[in-house]
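Observations on chain architecture
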Amino acid sequence: MPEQTYEELEFPVIFHVLNPAEQVGVPSFKITGEVVKKNLERLNDVFGRVVTTDPNGADARIKFVAAKYDVSGMKLAEEGIHNWEISASESFEDIDDYEEYVRRNELDLIYDYRHYLNIWLINYPQGANASVKAPTVILSGEYIPGLNAQWWPLDQFPEKPRDVGFFINMSA
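Everything in this summary refers to the structure shown in the same document. (Residues numbered from 1 in each chain as written. Predicted model: local features only at pLDDT ≥ 70, side-chain atom pairs only at ≥ 80, totals over all residues. Heavy atoms only, no water.)

Here's the deal with a nonpolar patch on the surface
Going by this rule: Each patch is built from residues that are more than 30% exposed by relative accessible area and take part in no salt bridge. Like charges join if they lie within 9 Å; nonpolar side chains (Val, Leu, Ile, Met, Phe, Trp, Tyr) join within 5 Å. Residue-level accessible areas treat just the shown protein chains as cover; the underlying method is Shrake-Rupley with a 1.4 Å probe. When a carboxyl oxygen of Asp or Glu lies within 4 Å of a side-chain nitrogen of Lys or Arg, that pair is called a salt bridge. Numbering goes from the N terminus for both helices and strands, where a helix is a DSSP run of H or I of at least four residues and a strand is a run of E of at least two. Relative accessibility decides the category of a residue: with a 1.4 Å probe and only protein chains considered, values under 20% of the type maximum give buried, values over 50% give exposed, and everything between is partly exposed.
On the surface, V46, V50 and V51 cluster together into a nonpolar patch covering about 290 Å² of accessible area. One can find V46 in helix 1 (residues 33–47). On the basis of relative accessible area, V46 is assigned to the exposed category, the value being 52%.

Observations concerning unusual backbone geometry
Even without being glycine, R49 reaches a positive phi, approximately 65°. Owing to a relative accessible area of 32%, R49 belongs among the partly exposed residues under this scheme. For R61, which is not a glycine, the phi torsion comes out positive at approximately 60°. Within the secondary structure layout, R61 lies in the loop between helix 1 and strand 2 (62–66).

Looking at the packing of aromatic side chains
What counts, and what does not: In this analysis, rings of Phe, Tyr and Trp, with Trp reduced to its six-membered ring, are considered paired at centre separations within 6.5 Å, and the interplanar angle assigns stacked below 30 degrees, edge-to-face beyond 60, and tilted for intermediate values.
The tally for this structure, following the rule as stated, stands at five aromatic pairs. With 5.2 Å between their ring centres and 70° between their planes, F47 and F64 make a pair best called edge-to-face. One end of the pair, F47, is in helix 1; the other, F64, is in strand 2, with 17 residues separating them in the sequence. In this structure F64 comes out as buried when scored by relative accessible area, which is 11%. Here F92 and Y98 contribute two aromatic rings whose centre-to-centre distance is 4.1 Å and whose plane-to-plane angle is 5°, an arrangement assigned as stacked. Under the relative-accessibility criterion, Y98 is labelled buried at 2%. One aromatic cluster is present, built from ring pairs that chain together F11, F47 and F64.

Remember that the coordinates give geometry; whether it matters functionally is a separate question.
Following this line, the structure appears as structure tokens:
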């Protein structure tokens with residue numbers, strides 16, 4: 001059989017680094033361009049079949065790249081990184097409060113899912129149990145063909161649409 005070739009799809013990734021105001025006893029974290037680059041390389045190795053010798057594996061022809069521009073078209077200071085300072089007046093009682101915070105600030109913290117993969121990095125030591133929220137494939141007023149409430153992989157279909165992205169707790 002002749003080998004088929006496919007166009008490689010490129011997905012810009014934006015890491016929204018949610019930096020809370022400094023607090024005594026809460027370690028801060030810094031995400032650098034080098035950290036973004038290494039993690040994108042690892043992700044691309046998985047999707048590119050570099051990390052496996054499984055004969056059933058295949059190159060998915062998907063490449064994740066650090067976003068170069070923000071949602072308004074301005075060049076990012078560090079590719080792939082959007083630093084966001086959280087006011088000291090904000091408090092987070094539960095890890096889900098971060099999601100609510102992002103929704104309240106959606107114009108700044110949710111980039112258009114049609115052009116970016118959103119990843120929110122949070123610092124929540126109270127929930128330091130390697131919390132990673134599963135990718136939320138819930139689109140703003142649109143739907144994905146073949147995806148409806150019957151086939152939704154979660155136990156309930158959310159009432160309010162959100163954009164695609166996921167959270168990673170850096171304190172885990």
